[in-house]
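Below are the chains, spelled out letter by letter.
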Amino acid sequence: MAAVGAAPVGVHQMPANNGHPGGFDVSYRSPTEGQMTFGWNAPLTVAGRTIALHGTRRFDDPFISEPVGSQLYAIRNGISKLTLDFAHNRREAQ
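This is a predicted model, so every value here is computed, not measured.

A. Quick look at the side chain of threonine 83. Structurally, the position occupied by threonine 83 is in strand 9 (residues 81–85). Sequence-distant contacts of threonine 83, that is, excluding residues within four places in its chain, are made with Leu72, Tyr73, Ala74, Arg90, Arg91 and Glu92.

B. View of the side chain of glutamate 66. Within the secondary structure, glutamate 66 sits in strand 7 (residues 65–67). Buried and unpaired, glutamate 66 has no salt bridge, with arginine 57 as the nearest side chain of opposite charge at 5.1 Å. Among residues more than four places away in sequence, those in contact with glutamate 66 are Arg57, Arg58, Phe59, Leu72, Tyr73 and Ala74.

C. Looking closely at the sheet that holds strand 1 (residues 9–13). On the basis of which strands lie adjacent, the open sheet formed by five strands has the order 1-2-3-4-5 and antiparallel pairing. Each edge of the open sheet carries a strand with a single partner, namely strand 1 and strand 5 (49–51). On average, each strand axis in the sheet is tilted by 20 degrees relative to the strand beside it, whichever way the strands run. With six bridges joining them, strand 2 (residues 24–30) and strand 3 (residues 34–39) adopt antiparallel strand pairing. Across the sheet, the residue bridging to arginine 29 is glutamine 35, located in strand 3.

D. Quick peek at the sheet that holds strand 8 (residues 72–76). Here we have three strands laid out as an open sheet, ordered 8-9-10, and antiparallel in their pairing. Two strands lie at the open edges of the sheet, namely strand 8 and strand 10 (90–93), each paired on one side alone. Across the sheet, the axes of successive neighbouring strands diverge by a mean angle of 10 degrees, strand direction being ignored. Examined bridge by bridge, strand 9 and strand 10 share four bridges and lie antiparallel to one another. Residue threonine 83 lies in a different strand from strand 10, and its bridge partner there is glutamate 92.

E. Up close: the environment of arginine 91. Its location among the elements puts arginine 91 in strand 10. On the basis of relative accessible area, arginine 91 is assigned to the exposed category, the value being 69%.

F. Molecular detail of unusual backbone geometry. Phi at asparagine 18 is positive, roughly 55 degrees, even though this residue is not glycine. If you trace the backbone, asparagine 18 turns up in the loop between strand 1 and strand 2. Taking relative accessible area as the criterion, asparagine 18 reaches 73% and is therefore assigned exposed. In this structure, alanine 47 takes a positive phi of about 50 degrees despite not being glycine. You can see alanine 47 is positioned in the loop between strand 4 (44–46) and strand 5.

Cut-offs used in this document
- Residues numbered from 1 in each chain as written.
- Predicted model: local features only at pLDDT ≥ 70, side-chain atom pairs only at ≥ 80, totals over all residues.
- Heavy atoms only, no water.
- Helix = DSSP H or I, 4+ residues; strand = E, 2+ residues; numbered from the N terminus.
- Contact = heavy atoms within 4.5 Å.
- Buried < 20%, exposed > 50% of the residue type's maximum accessible area, 1.4 Å probe, protein only.
- Lys, Arg positive; Asp, Glu negative; His and termini not counted.
- Salt bridge = Lys/Arg side-chain N within 4 Å of Asp/Glu carboxyl O.
- Pairing = 2+ DSSP bridges.
- Axes fitted to C-alpha atoms, helices over the stretch in contact; angles between N-to-C directions.

Structure below.
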């Protein structure tokens, strides 16, 4: 706890852009993970590696696995199925 509390945190305010707030860039030197950075318009990095914040799946668990942007969801629990079709405004339970 002492190492985490003593680790340096840097916050840099970014300049305004067209009258909109510019946000912040933040850095943190984790005692276990190394240098971490994140920004309003910058990716999350840990020890120089970019960490994806969003995957390619909107849902990905035992009940449903659908990509981001899908308009058709099929939710299954092994017995029943619920289909949600947002493109055609339909719902079907089986």
